[in-house]
Amino acid sequence: MEKHFTKIANWVAHVTGLPLTFSVCCLIVVVWAVTGPYFGFSDTWQLVINTGTTIITFLMVFLIQNTQNRDGAAIQAKLDELIRVSRAHNHFIGIEHLTESEVEEIRAKCERAARRHDQKIAATGGKKAVAQKRGTKKQAA
């Protein structure tokens, strides 16, 4: 059942993202609007478009969520593998399962570490630049 649903969800996500599908939807809305005077802009005429768009929107929410969940899980698995095989800290693997505040705390720690690293690089780079400048003055003399 799950494989079948995934196939259908992938196909629907692909088809609904095509320019042709968007054009067909626009055409449907234009035809509906043009038929308004013929049906006297009745409540039934309005109900047709409202009901149709509501049902489609309702179903699409679940398909889009399913697709996003799978995409997010696949990206997370790829990132976890990159972390695992690199010199990065393995304790970052699985942090997507933490609460929002826990993830925010880790993000803040990473930002502080990055600022410290940037300051260290800037200080080291400044010292190297001064040393190189002094070296060129000595060579010129």
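Let me sum up the structure you'll find in this document. Each chain carries its own residue numbering, running from 1 in the written order of its sequence. With the structure being a predicted model, the display of local features is reserved for residues of pLDDT at least 70 and the display and counting of side-chain atom pairs for 80 or more, all residues being used for whole-chain, interface and lining totals. With hydrogens and water excluded, all non-hydrogen atoms of the structure serve as input to the side-chain values.

## Details of the packing of helix 1 (residues 2-16) against helix 3 (residues 43-85)
Step number 1: The axes are straight lines fitted to the C-alpha atoms, using for helices just the contacting stretch, and the angles between their N-to-C directions are given from 0 to 180°. Here a helix means four or more residues in a row that DSSP labels H or I, a strand means two or more in a row labelled E, and each is numbered from the N terminus. Between helix 1 and helix 3, the shortest axis-to-axis distance is 10 Å and the interhelical angle comes to 105°. In terms of orientation, helix 1 and helix 3 fall into the roughly perpendicular class. On the side of helix 1, the interface is formed by Phe5, Thr6, Ala9, Asn10, Val12, Ala13 and Thr16, while helix 3 contributes Met60, Leu63, Asn66, Thr67 and Arg70.
Step number 2: Under the grouping applied here, Gly and all other residues not named as nonpolar or charged are polar, the nonpolar ones being Ala, Val, Leu, Ile, Met, Phe, Trp, Tyr, Cys and Pro and the charged ones Asp, Glu, Lys and Arg. The class makeup of the residues in the contact of helix 1 with helix 3 is six nonpolar, five polar and one charged. Here the word oblique covers every angle except those under 35 degrees (roughly parallel), over 145 (roughly antiparallel) and from 65 to 115 (roughly perpendicular). We call two residues in contact whenever any of their non-hydrogen atoms come within 4.5 Å of each other.

## A short note on the packing of aromatic side chains
Aromatic ring pairs: the centre-centre distance and the angle between the two ring planes describe each pair.
Step number 1: Two rings from Phe, Tyr or Trp (for Trp, the six-membered ring) form a pair when their centres are within 6.5 Å of each other. A pair whose planes differ by under 30 degrees is stacked, one over 60 is edge-to-face, and the rest are tilted. Applying the stated rule across the entire model yields four aromatic pairs.
Step number 2: For the pair Trp32 and Trp45, a centre-to-centre distance of 4.1 Å together with 5° between the ring planes defines the contact as stacked. Of this pair, Trp32 sits in helix 2 (residues 19-34) while Trp45 sits in helix 3, and the two are 13 residues apart along the sequence.
Step number 3: With centroids separated by 5.2 Å and ring planes inclined at 85°, the aromatic side chains of Phe41 and Trp45 adopt a geometry described as edge-to-face.
Step number 4: Residue classification places Phe41 among the partly exposed positions, given a relative accessible area of 46%.
Step number 5: The rule is simple: take the accessible area with a 1.4 Å probe, protein chains only, and divide by the maximum for that residue type; under 20% is buried, over 50% is exposed, in between is partly exposed. Owing to a relative accessible area of 10%, Trp45 belongs among the buried residues under this scheme.

## Considerations on the pattern of salt bridges
Step number 1: Salt bridges are defined by distance alone: a side-chain nitrogen of Lys or Arg within 4 Å of a carboxyl oxygen of Asp or Glu. Under the counting rule described, the total for this entry stands at four salt bridges.
Step number 2: As a salt-bridge pair, Glu104 and Arg107 come within 2.7 Å of each other at their nearest N and O atoms. One end of the pair, Glu104, and the other, Arg107, are both in helix 4 (residues 100-140), three residues apart, so they sit about a helical turn from each other.
Step number 3: On the basis of relative accessible area, Arg107 is assigned to the partly exposed category, the value being 42%.
Step number 4: What emerges from the salt-bridge pattern is a single network uniting Glu104, Arg107 and Glu111.

## Remarks on helix 3
Step number 1: For helix 3, with 43 residues, the first-to-last C-alpha span of 62 Å sits near the 63 Å given by 1.5 Å per residue.
Step number 2: When helix 3 is considered as a whole, its buried residues turn out to be Trp45, Ile49, Met60, Leu63, Asn66, Thr67, Asp80 and Ile83. By definition here, a helix of n residues has an expected span of 1.5 Å times n minus one.

## Section: unusual backbone geometry
Outside of glycine, negative phi angles account for most residues, and trans bonds account for most peptide bonds.
Step number 1: Phi at Phe41 is positive, roughly 50°, even though this residue is not glycine.
Step number 2: By secondary structure assignment, the location of Phe41 is in the loop between helix 2 and helix 3.

## Some remarks on a nonpolar patch on the surface
Step number 1: Residues Ile55, Phe58, Leu59, Val61 and Phe62 make up a contiguous nonpolar surface patch of roughly 520 Å² in combined accessible area.
Step number 2: Relative to the assigned elements, Phe58 resides in helix 3.
Step number 3: Relative accessible area serves as the criterion here: at 52%, Phe58 is assigned to the exposed category. Residues qualify for a patch when their relative accessible area is over 30% and they have no salt bridge, like charges being joined within 9 Å and the nonpolar side chains of Val, Leu, Ile, Met, Phe, Trp and Tyr within 5 Å. Accessible surface is estimated by sampling points in the Shrake-Rupley manner with a 1.4 Å probe; for residues, cover comes only from the protein chains shown.

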